[in-house]
Amino acid sequence: LQIARAGYVVAINRYRLATEINSPESYGDALFKAVADQKAVIKFFVTDAQGKNQYRIDTDNIFIGGHSAGAITSMHTAYINENDELAKFMTDALKNNGGLEKTKAEGKPAYIIRGVINLSGLLTNLNILDANGPALLNIHGDLDKVVPIGTSSMGGYGSIPIHEQAKKIGLMSELHVIRGAAHNDTAEPALCEECIPLTKRFMFEILKK
């Protein structure tokens, strides 16, 4: 609501949820179903912008993001491409859920993702980050026990290693560690008073470039 009041068009997309994620294969399937659903929402607004434009979307300035699974989904939507080397279970899951969009050889892309907001998310493969990808905002609590801010024993990479990898390859990235915050705190403005202001400032700064 606060972001909408700042003048942005805001949409909350719902994606398919898995009943269980107890194997790499089920994780990959759940992930790429969510990615496909997020891309479908983006395409809905792009199609409207090309016609009635009733939502007044600027398709050159799209931001996506979310908390936890929503952040994981958004980072894969924004960064994964045909050049990434993925584990077989990820490749299979991607193929089974529509694959990647075909990159236009000529002409302007249908839409441009300018920034990604990662609230308490993780990646299992840091190499999907691309120096030419959208700018990245990472906000994570240092007491997060669900998705650790660092590297987890299960092989996941939280916001600190994500940010470090982004800086290493030259991708624009910000990291804000919320002291004393648990996993869900970054999704609650009452518990993370700085989260919304940080997000609005990030978007504003990107749009100035």
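This is a predicted model, so every value here is computed, not measured. (Residues numbered from 1 in each chain as written. Predicted model: local features only at pLDDT ≥ 70, side-chain atom pairs only at ≥ 80, totals over all residues. Heavy atoms only, no water.)

1. Examining helix 3 (residues 69–79)
Working step 1: Counted residue by residue, helix 3 has ten buried out of eleven residues, so it is predominantly covered.
Working step 2: Residues Gly70, Ala71, Ile72, Thr73, Ser74, Met75, His76, Thr77, Ala78 and Tyr79 constitute the buried set of helix 3.
Working step 3: Buried residues along helix 3 sit against helix 2 (24–49), strand 1 (62–67), helix 4 (88–96), strand 2 (113–119), strand 3 (135–141) and helix 5 (159–169). (Buried < 20%, exposed > 50% of the residue type's maximum accessible area, 1.4 Å probe, protein only. Helix = DSSP H or I, 4+ residues; strand = E, 2+ residues; numbered from the N terminus. Contact = heavy atoms within 4.5 Å.)

2. Quick notes on the packing of aromatic side chains
The way to describe two aromatic rings as a pair is by their centre distance and the angle between their planes.
Working step 1: All told, the structure shown has four aromatic pairs when counted by the stated rule.
Working step 2: Both rings, one in phenylalanine 44 and one in phenylalanine 45, keep their centres 5.2 Å apart while their planes meet at 85 degrees; by these two values the pair is edge-to-face.
Working step 3: Residue classification places phenylalanine 44 among the partly exposed positions, given a relative accessible area of 46%.
Working step 4: Assessed through its relative accessible area of 16%, phenylalanine 45 is described here as buried. (Phe/Tyr/Trp six-rings, centres within 6.5 Å; stacked < 30°, edge-to-face > 60°.)

3. Some details on the layout of surface pockets
Working step 1: Of the volumes computed, that of the largest pocket is approximately 1,400 Å³.
Working step 2: Along its surface, the largest pocket is lined by 41 residues, and Val10, Ala11, Ile12, Phe63 and Gly65 are the ones closest to its centre.
Working step 3: At the level of secondary structure, the elements contributing two or more residues to the lining of the largest pocket comprise helix 1 (2–5), helix 2, strand 1, helix 3, strand 2 and helix 6 (195–208).
Working step 4: Sorting elements by how many residues they give to the lining of the largest pocket places strand 1 first, with six residues.
Working step 5: The class makeup of the residues in the lining of the largest pocket is 24 nonpolar, 14 polar and three charged. (1 Å grid on protein atoms, 1.4 Å probe; cavity = no way out; pocket = protein on both sides within 12 Å on 5 of 7 lines; lining within 4 Å. Points joined across faces, edges and corners; volume = space filled by probe spheres on them. Nonpolar A, V, L, I, M, F, W, Y, C, P; charged D, E, K, R; others polar.)

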